[in-house]
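If you want the building blocks of each chain, they are given just below.
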Amino acid sequence: MKKIILGIITVLVLLVVIVLVKTYTYPFKKVNVNAKSAMNIPQNDSAIYRFSEGLKIPTISTGELGDFDYTSFDQFKKYLKETYPLIYQHTEYQEVNGYGLVFKLKGSNSGLQPILFLSHMDVVPPGDADVKNKGGNIFRPQDKPAASPKEVAEDWDYAPFSGAVANGRIYGRGALDMKGMLFSLMESLTTLIKEKHVPQRDIYLAFGFDEEVGGRKGAVKIAEYFKSKGLEFDAVYDEGGIIVEKGSISGIDSDVALIGCAEKGFLSARIKVKGLGGHSSMPPMESAIGKAAVIMQRLEDHQMKPMITPLIQEFFDNVGGAMPFTNRMAIANRWLLNPVLLSQLTKNNSTNALVRTTTALTMMKGSDGTNVLSPEVEFVVNFRLLPGNTVKDVKNHIAKATKGFDVEIEEVDNTREASAVSSTKTKAYKVIESGIKELYPEALVSPYLTVGGTDAYKYQIVSKNIYRFIPFKINHAEQQSIHSTNEYISIENYMRMIRYFEYVMKNYDK
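Residues numbered from 1 in each chain as written. Predicted model: local features only at pLDDT ≥ 70, side-chain atom pairs only at ≥ 80, totals over all residues. Heavy atoms only, no water.

### Some details on the packing of helix H13 (residues 427–439) against helix H15 (residues 491–507)
For step 1, the next point in the chain: As a packed pair, H13 and H15 sit with axes 10 Å apart at the nearest point and diverge in direction by 140°. Between H13 and H15, the angle is such that the two are oblique. Judged by the sense of rotation from one axis to the other, the crossing of H13 with H15 is right-handed. Facing H13, whose interface residues are Val431, Ile432, Ser434, Gly435, Ile436, Glu438 and Leu439, H15 presents Arg496, Arg499, Tyr500, Tyr503, Val504 and Asn507. (Axes fitted to C-alpha atoms, helices over the stretch in contact; angles between N-to-C directions. Helix = DSSP H or I, 4+ residues; strand = E, 2+ residues; numbered from the N terminus. Parallel < 35°, antiparallel > 145°, perpendicular 65-115°, else oblique. Left-handed = near helix turned anticlockwise from the far one by under 90°. Contact = heavy atoms within 4.5 Å.)

Here is the structure:
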């Protein structure tokens, strides 16, 4: 017995030693504690004014398949042409499907594959809040007086389409998503033209107009246009990742620049559950709504299995060095502690989305009367597919959850597989890293999984190197304003975005 106990103790001690050695020797990316100070970028009032005026144009996309009022989009196209004449004079300009905008700045070496920067001009509606008055000055050039107070929506500091500049911020629907990127790209390209800088490879800008409702008329058609021209891009850059402020990611005591190297897939299913209808005074033992509740409970209780994909493993390798010891130990010893690591990750909404295909019950419809039993109840469940899971996997998962019930299942919206994963070993990725270090030298830089959908997905037919990143640093509250109320971007962030894209355009081949 003593020998057995001694053997067990020896094994445990050996196991502890192995775990500690692996933790201390694991090749986490080093945190740059001696980073230089962040670059000071002067404020450009003219650039701010151009952006502010663009935010005033309500390019709202709503409804299905891009069927909405295009009057404001005509106004926006006209505004860009009047505001950035050098770009229209010195690039090859093409309109795709009426409102998709494509600009090509010719490079010196036609043998090199071009690079492509994406954005979109459409925005989501600002909401239907009541209107009231609030104080505040609206930014204008110095030769014009400040405007009087504006009527603004209840939950906005300034009206959603005021383009107000106050408190070091630029307010308006689309400031973060995505007119900030669109205008910063136009500013950066204008600078290249003014300075007579000729890049080695062609630079393309492509702006969609219906990204918020699926991108079928905008990005899809633009990508098909590029494909028809035989174009293959060395890099495609779009929205998706950001720089999150220190403290925003639990356990990481640093700013973190998240570069989206892939995005999750999408499947929404409308599940119609059949049962007995009638009057509530004589209900059946199990109603249609009760059956639907069972299915919904199954979907929430038995979700698809979590897993750490190679991309998320690379994320942990990059940021793990800034985490507490226990986190580093779990990451370095996945061979032993993987179940523990997954258990912790799935307890948090944000990290859970990185390691599994998520399940979200979003809509439900039954009877219209308080005393009426509907013979059919329907609900919608949305899945965001992790790379490694397929649409077929999700359909099988739904079939298992609905087994034993009389149901009809219909896919709604834009079903798509998870995107391909772009490599972090490319020139296209490395120039993002160097651009970030130029502006945010203390930030950790890491590949990441974009959990929302972007236009970038449509461009897989013309490039294998697709990266989703906007170079602004925002906190949790600012992130929540995207598609919500009181959306704004700080002037500092906007100035840094312009400088970042200018850096990438100038330094891609250096």
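### Here we look at a nonpolar patch on the surface
For step 1, the next point in the chain: Nonpolar side chains collect at one region of the surface, where Met1, Ile4, Ile5, Ile8, Ile9, Leu12, Val13, Val17 and Val21 lie side by side and expose about 870 Å² of accessible area between them.
For step 2, the next point in the chain: Counting through the fold element by element, Met1 comes out in the segment before helix H1 (2–25).
For step 3, the next point in the chain: A relative accessible area of 73% means that Met1 is categorised as exposed. (Patch = residues over 30% accessible without salt bridge, like charges linked within 9 Å, V, L, I, M, F, W, Y side chains within 5 Å. Areas by Shrake-Rupley, 256 points an atom, 1.4 Å probe, with all protein chains shown as cover. Salt bridge = Lys/Arg side-chain N within 4 Å of Asp/Glu carboxyl O. Buried < 20%, exposed > 50% of the residue type's maximum accessible area, 1.4 Å probe, protein only.)

### Considering the UniProt feature "domain: Peptidase M20 dimerisation" (unreviewed entry) in the protein chain
For step 1, the next point in the chain: Mapped onto this numbering, the UniProt entry annotates "domain: Peptidase M20 dimerisation" (unreviewed entry) at residues 262–401.
For step 2, the next point in the chain: Note that residues 262–401 is 44% helix and 24% strand, and that its end C-alpha atoms are spaced 28 Å apart. (UniProt positions renumbered as here; feature names shortened; annotations may be inferred.)

### Quick word on the pattern of salt bridges
For step 1, the next point in the chain: All chains considered together, the criterion is met by 24 salt bridges.
For step 2, the next point in the chain: Notably, a salt bridge pairs Glu433 with Lys29, separated by 3.2 Å at the nearest N-O pair. Linking Glu433 in helix H13 with Lys29 in the loop between H1 and helix H2 (45–55), this pair joins segments that are 404 residues apart in sequence.
For step 3, the next point in the chain: Overall, the relative accessible area of 17% leaves Glu433 in the buried class.
For step 4, the next point in the chain: A salt bridge links Glu187 to Arg50; its shortest N-O distance comes to 2.7 Å. Here Glu187 is found in helix H5 (residues 179–194), whereas its partner Arg50 is found in helix H2, with 137 residues between them in sequence.
For step 5, the next point in the chain: Assessed through its relative accessible area of 7%, Glu187 is described here as buried.
For step 6, the next point in the chain: Given a relative accessible area of 22%, Arg50 falls into the partly exposed group.
For step 7, the next point in the chain: When salt bridges with common partners are traced through the structure, they connect Arg201, Asp234, Lys427 and Asp509 into a single cluster.

### Looking at the sheet that holds strand E12 (residues 265–274)
Consider a sheet: its strands pair through backbone hydrogen bonds, and that pairing is either parallel or antiparallel.
For step 1, the next point in the chain: Read across the sheet, 4 strands follow the order E14-E16-E12-E17 without closing on themselves; strand pairing throughout is antiparallel. The sheet is open, and its two edges are formed by strand E14 (358–365) and strand E17 (407–416), each paired on a single side. The average undirected angle you get between the axes of adjacent strands in this sheet is 20°.
For step 2, the next point in the chain: Bridge count for E12 against strand E16 (residues 376–385) is 10 bridges, and the pairing is antiparallel. Within E16, the position partnered with Ala269 by the bridge is Val381.
For step 3, the next point in the chain: On the sheet, helix H7 (residues 288–301) packs against E12, E14, E16 and E17 and is oriented at approximately 10° with respect to E16.
For step 4, the next point in the chain: In this fold helix H12 (residues 391–401) packs onto E12, E16 and E17, with an angle of close to 20° to the strand it touches most, E12. (Pairing = 2+ DSSP bridges.)

### Thoughts on the nonpolar core
Grouped burial of nonpolar side chains is what soluble globular proteins tend to show.
For step 1, the next point in the chain: Phe117 and Tyr237 are the most contacted members of the largest nonpolar core, which has 99 residues in total.
For step 2, the next point in the chain: In terms of residue count, H15 provides more of this core than any other element does, 10 residues in total.
For step 3, the next point in the chain: Built from parts of two domains, this core gets at least three residues from each of domain 1 (45–260 + 419–508) and domain 2 (264–416).
For step 4, the next point in the chain: Contact partners of Tyr237, with chain neighbours within four places excluded, come to Leu116, Phe117, Leu118, Met181, Ala428, Val431, Ile432, Tyr467, Val504 and Tyr508. (Core = buried A, V, L, I, M, F, W, Y, C linked by side-chain atoms within 4.5 Å. Domains from an automatic or database assignment.)

### Some words on the side chain of Ser184
For step 1, the next point in the chain: With respect to the helices and strands, the residue Ser184 is situated in helix H5.
For step 2, the next point in the chain: Of note is the side chain of Ser184, whose polar atom sits 3.0 Å from the backbone oxygen of Gly180.
For step 3, the next point in the chain: For Ser184, the side chain forms a polar contact with the main-chain oxygen of Met181, separated by 2.9 Å.
For step 4, the next point in the chain: Those residues in contact with Ser184 that sit more than four places away from it in its chain are Tyr494, Met497, Ile498 and Phe501. (Polar contact = N/O pair within 3.5 Å; in protein donor to acceptor, adjacent residues only side chain to side chain.)

### Let's talk about the domain arrangement of the protein chain
For step 1, the next point in the chain: By domain assignment, the protein chain separates into domain 1 (45–260 + 419–508) and domain 2 (264–416).
For step 2, the next point in the chain: If you look at the interface, domain 1 gives 21 residues, while domain 2 gives 18 residues.
For step 3, the next point in the chain: Summed over both partners, the interface of domain 1 with domain 2 buries about 1,900 Å², with 63% contributed by carbon and sulfur atoms.
For step 4, the next point in the chain: For the interface between domain 1 and domain 2, the tally reads 0 salt bridges.
For step 5, the next point in the chain: Counting across the interface, domain 1 meets domain 2 through 3 residue pairs in polar contact (both at pLDDT 80 or more).
For step 6, the next point in the chain: Those elements that provide at least two residues to the side of domain 1 that touches domain 2 are strand E11 (256–263) and strand E18 (444–450).
For step 7, the next point in the chain: With 7 residues, E18 is the largest single contributor of residues to the side of domain 1 that touches domain 2.
For step 8, the next point in the chain: When grouped by side-chain class, the residues that make up the side of domain 1 that touches domain 2 number 12 nonpolar, 7 polar and 2 charged. (Buried area = accessible area lost by both parts, 1.4 Å probe. Nonpolar A, V, L, I, M, F, W, Y, C, P; charged D, E, K, R; others polar.)

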